Amino acid sequence: MTYLIDRRLQGKNKSAVNRERFLRRYKAQIKDAVGRAIKGRSITDIENGEKVSIPVKDVNEPRFGHAHGGVWETVNPGNTEYQKGDQFNRPRGGGGGAGRGKAGNSEQTTEDDFIFELSREEFMNYFFEDLELPNMIKTQLTQVVEFKNQRAGYNISGTPSNIHVLRSLRGALGRRIAVGGPSRKQLTALEHELRELREQGAEDDDPQVLELKHKIHHLHTRLLAIPFIDPIDLRYSNRIKIPKPSTAAVMFCIMDVSGSMDESRKDTAKRFFILLYLFLKRVYEKIEVVFIRHHTAAAEVDENEFFHSRESGGTVVSSALHMLNKIVSERYSNGDWNSYVAQASDGDNWDNDSVLCKQILNSQIMPRVQYYTYVEITDGPPQNLWEQYTEVAATHQNFAMQKIVTPADIYPVFRELFKKQPK
Amino acid sequence: MPRDPNNPRALPEQSEWTFDLIEQAHEEIRRVAKKFGLDTYPNQLEVITAEQMMDAYTSVGMPVSYNHWSFGKHFLSTEKSYRRGQMGLAYEIVINSNPCIAYLMEENSLTMQALVIAHAAYGHNSFFKGNYLFRTWTDADAIVDYMVFAKNYIAECEQRHGIDAVEELLDSCHALQNYGVDRYKRPAKLSVAQEQNRQKEREEYIQSQVNELWRTLPRREEAQKDAAAPPRFPAEPEENLLYFIEKYAPLLEPWQRELVRITRKISQYFYPQRQTQVMNEGWATFWHYTILHELHKEGIVGDGFMLEFLQSHTNVVFQPAATSPYYSGINPYALGFAMMTDIKRICENPTDEDRAWFPDIAGSDWLKTLDFAMRNFKDESFIAQYLSPKLIRDFHFFAVLDDDRSDKLTISAIHDEAGYRYVRQQLAEQYNLGNREPNIQVWQVNTRDDRALTLRHTQFQRRPLNQQAHEVLKHVARLWGFDVRLETVDPSGRVVSSLECRREKRARY
């Protein structure tokens, strides 16, 4: 007796649980490895990073075994030159020779790393672990202003425009069958009886026949009285309103492009923006990005120009904030948009302008945006812009600021900016 | 003879398989196998995808298995090397169960499917059914059910006691899995119903035994009587460490004992496979070779089919020389296939040398002789019995003596008249599991004082333990719950070194 079974359609991820167990057990190591992977390469290809290695000694499963030493006598195939009694030196460095016939006992494998691939999803999860979009849940709960209609079966009451014809007629048909059933059965019986009487030769004026005819007439009338459609047959399409979560975000990138911002600082800023973008992408379906660059005057530009054109001259930060404010009120003022602002600068600003910045932020921008992040890419002492911003941060929870010195600082800074908020 | 197109049973010349064609090929193979007298369990062929093959790989070749991170690790590394194309997947996995389950991979061509059916469903299958080790030590009828029981039981334990507690315990059991085997005592038959019924009973009974052993309030008169010379425990050294732990570890909870038992049973089930690699693969390879050649002779398969088959066959039985960079030990397929073929040759066309070396089998009926060899040997004894001088010459076998007391390696024997017996003996020894694994047994338990457990490693050829031994010892200590010592003794019984793992004093959990 033989069975040939096609198992191909049955679950292929039988090992998923074991895989997940493995990841769970080595979470700490994998997180370290992911951290290293991120540091070691450009953040622009962060989403492709999937290969992770952790030291083999950590994942080793120890077993009793023999180590090299004592007497080993092994039989090997492929003798070409040796005679009995030949002596030769031990092969050095364990190359081909030392492993002869003892592959199972070799401890050399322990030096390598255990390398495996994380799926993109898993990788990003480790990357973003412990990070939470600040106040997002709160915003979603409080700011739901939009609803959408959705079908939800049928209802027995509603407006005439919602009558569902098919359902209503089906109901009517059912009712007619149900209500008319007994009468119809009786009618058939009576008609049968009448026919039998006739066959037996009864005349039209036979009292029995008359009575039967009368009854039949009565039943016919009753059946005709059953309404074709009745108010209880009516069914209405039911629609309910469900809250529609806002799934669109706009991210503003503001960067100082004055002469003091050199290429490496811009590069650092760029990584910061990308990281924020990646993070938002996990939460929102649709993200628009607006680039605003400024020196003494601000301009909205495309991405390429934003990062690659050079300007010179002084810095007036408030020009960018004015422009930001204008764009928000013109284009993103309705409730659909969650606005995030990421600003990068080297901290230079005209002295009296910083106070103005604080005022614009406090009075106009902060109430309108979900979150405002500011990174200062500098290794110098804090200047007046930093001081004024510190005051903003003190009064607004959704304002965060950090200092970055080298590209390697970005990731920790990012975590600091978006660390889990106590709820 | 090339494929005969007029033969109604001839298989079409195509590489795509269909279910009908597999049925047809299987029917032909079954007929030929029957003609050669192969006795098998019923077959269950299952077509699976490459992903499913990787799944099957990782759960120790069982259709069901409990969950553990180490299987996940295995899966990740398999997946990685497969994705990168560093490694092809095995063509087949076959499970020693009744019915015998053989997996056919979707990607394979019709030829390969036929090869796998002949190899796994008739070669391995008949070996599982016939070989004395498998007959004695494994229970093909019950294993799948037992694995289902184990999976459910362990999942239940995870719910009751937490994943971490179960995982820790399984880690420790896996570390000792090779020492969870009875080498001489025949195990009882497995049966799910009985397992479940007896499990409760056993839990209570074992606990009561343990309590007796570790009772902290000794009866007064006994205590005085025995104070001078506490009885030795265990009375005889115990080779099955997991068994000993399951029965006597003082602090284990009943469910933990059950888990130890499960890993021990699984280990026992795989023990014959570890002892018959060369024979098992040799036997299966010999039969796929013989059966497919027979089909070719009958005109059922064509030359194209044979060429494809022979190409993968020769890859499988390729043996690189010891000096080759590809050398990684003796290929069990190569050695096994060569020996099986050689036995047939000795039966059919014996030379004078064969008549001198194998007077019993030279010129006998090869089917009977091979069948006898398959049934009654394991790798070690099979090689000691049947490796012929001709094969030693063909393989150019030579023995190298590596003694750490001398600075040079010595060639102790080669493939010449003086060396045949020596090489054969050495090669057989090489397949003796008792020599390959360190011999470690439970030596003594200090029942009166600190409850420390002493294990003894009896040295073989002065070989030291590997560096992982201390890690393993930690696992033993975790299971035992108290201090554990490992003494290494030389053959004269002198302790040459010892390892110790102290258990932190702590409250019973």
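Above this text you will find the structure in question.
Residues numbered from 1 in each chain as written. Chains lettered and ligands numbered in written order. Predicted model: local features only at pLDDT ≥ 70, side-chain atom pairs only at ≥ 80, totals over all residues.

1. Brief notes about the sheet that holds strand β6 (residues 439-445) of chain B
Residues and elements named next belong to chain B. A sheet is described by the order of its strands in space; here four strands give the open sequence β6-β7-β8-β9, paired in mixed fashion. Among the strands making up the open sheet, the edge pair consists of β6 and β9 (495-501). Strand-to-strand twist across the sheet, computed as the mean angle between neighbouring axes with direction ignored, equals 25 degrees. Summarising the sheet, strand β7 (residues 453-458) and strand β8 (residues 484-489) pair through six bridges and their orientation is parallel. Note on β8: the bridge partner recorded for Arg-456 is Glu-487. (Pairing = 2+ DSSP bridges. Helix = DSSP H or I, 4+ residues; strand = E, 2+ residues; numbered from the N terminus. Axes fitted to C-alpha atoms, helices over the stretch in contact; angles between N-to-C directions.)

2. Looking at the nonpolar core
Core analysis: the largest hydrophobic core is formed by 147 residues, its most contacted members being Ile29(B), Ala102(B), Ile117(B), Ala118(B), Ile291(B), Leu292(B) and Val484(B). Looking at this core element by element, the count peaks at twelve residues for helix α4 (residues 110-130) of chain B. Leave out the neighbours within four places in its chain, and Ile291(B) touches Ile29(B), Val32(B), Ala33(B), Ala118(B) and Tyr122(B). Of all hydrophobic cores here, the second largest spans 47 residues; its members include Leu280(A), Val316(A), Val317(A) and Tyr372(A). (Core = buried A, V, L, I, M, F, W, Y, C linked by C-beta atoms within 7 Å. Buried ≥ 20, exposed ≤ 12 C-beta atoms within 10 Å, placed from the backbone. Contact = placed C-beta atoms within 7 Å.)

3. Thoughts on helix α14 (residues 332-348) of chain B
Residues and elements named next belong to chain B. The terminal C-alpha atoms of α14 lie 24 Å apart, and with 17 residues this matches the ideal 24 Å at 1.5 Å per residue to within 8%. Buried residues of α14: Tyr-333, Ala-334, Leu-335, Gly-336, Phe-337, Ala-338, Met-339, Met-340, Ile-343, Ile-346 and Cys-347, and no others. Among the structural elements, α12 (277-297), α13 (303-316), α15 (352-357), α16 (366-376), α17 (379-386) and α18 (389-395) are those in contact with the buried residues of α14. (Expected span 1.5 Å × (residues − 1).)

4. Thoughts on the packing of helix α2 (residues 50-58) of chain B against helix α3 (residues 69-83) of chain B
All names here are of chain B. Contact geometry of α2 with α3 gives a least axis separation of 9 Å together with a crossing angle of 140 degrees. When the interaxial angle is binned, α2 and α3 end up oblique. Handedness of the α2/α3 crossing: right-handed. Together, Met-54, Tyr-57 and Thr-58 of α2 and Phe-71, His-74, Phe-75, Thr-78, Glu-79 and Tyr-82 of α3 make up the contact between the two elements. (Parallel < 35°, antiparallel > 145°, perpendicular 65-115°, else oblique. Left-handed = near helix turned anticlockwise from the far one by under 90°.)

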